[in-house]
Amino acid sequence: MSFLGRSGPPSGSVNPERVEMAMQELDMITDVFNRLVSSCHNKCVSARYAEGDLSKGESVCIDRCVSKFFEVNKKVGEKLQSMGAGQSGGSQSAFGSL
């Protein structure tokens with residue numbers, strides 16, 4: 001089965017629900033990428049460009065920033081999933097005991 005809901009030879013119809021889901025996923029991925037670039041660029045790259053390439057320090061900083069960004073993103077996603085699983089099992093608040 002293909003990504004857009006077609007299996008076998010093309011029948012001329014595309015599942016609009018799957019297209020919408022794909023568009024939403026693309027928007028989310030684009031948003032994460034843009035936030036990553038903005039955050040790490042602001043933290044690691046000087047506003048005054050001295051050379052065309054990144055310096056060794058800037059390159060290392062960006063490497064670490066990207067790694068931390070994805071690690072935090074992963075942990076937040078896991079926490080939200082566990083909270084969602086708790087929500088389906090009971091009437092607990094999404095924010096726990098804040």
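Rules behind the numbers
Residues numbered from 1 in each chain as written. Predicted model: local features only at pLDDT ≥ 70, side-chain atom pairs only at ≥ 80, totals over all residues. Heavy atoms only, no water. UniProt positions renumbered as here; feature names shortened; annotations may be inferred. Phe/Tyr/Trp six-rings, centres within 6.5 Å; stacked < 30°, edge-to-face > 60°. Buried < 20%, exposed > 50% of the residue type's maximum accessible area, 1.4 Å probe, protein only. Disulfide = S-S within 2.5 Å. Helix = DSSP H or I, 4+ residues; strand = E, 2+ residues; numbered from the N terminus.

- Per an unreviewed UniProt entry, the chain goes by Mitochondrial import inner membrane translocase subunit and derives from Rhodofomes roseus.
- Note on the chain: under the UniProt heading Subcellular location (unreviewed entry), the record states "Mitochondrion inner membrane".
- According to its UniProt record, the chain has this under Subunit (unreviewed entry): "Heterohexamer."

## Points about the packing of aromatic side chains
Next up, step 1: Counted according to the given criterion, the structure contains one aromatic pair.
Next up, step 2: With a centroid separation of 5.9 Å and an interplanar angle of 85°, the aromatic rings of Phe-69 and Phe-70 are classed as edge-to-face.
Next up, step 3: Taking relative accessible area as the criterion, Phe-69 reaches 18% and is therefore assigned buried.

## A look at the state of the cysteines
Next up, step 1: This structure, assessed with the given rule, holds two disulfides.
Next up, step 2: Covalently, Cys-44 is tied to Cys-61 through a disulfide, its sulfur atoms 2.0 Å apart. The sign of the -65° torsion about the S-S bond sets the Cys-44-Cys-61 disulfide as left-handed. With Cys-44 in helix α1 (residues 16-44) and Cys-61 in helix α2 (residues 56-89), this residue pair connects regions lying 17 residues apart in the sequence.
Next up, step 3: On the basis of relative accessible area, Cys-44 is assigned to the buried category, the value being 9%.
Next up, step 4: Once the bonded cysteines of the chain are numbered in order along the sequence, the disulfide links fall as 1-4, 2-3.

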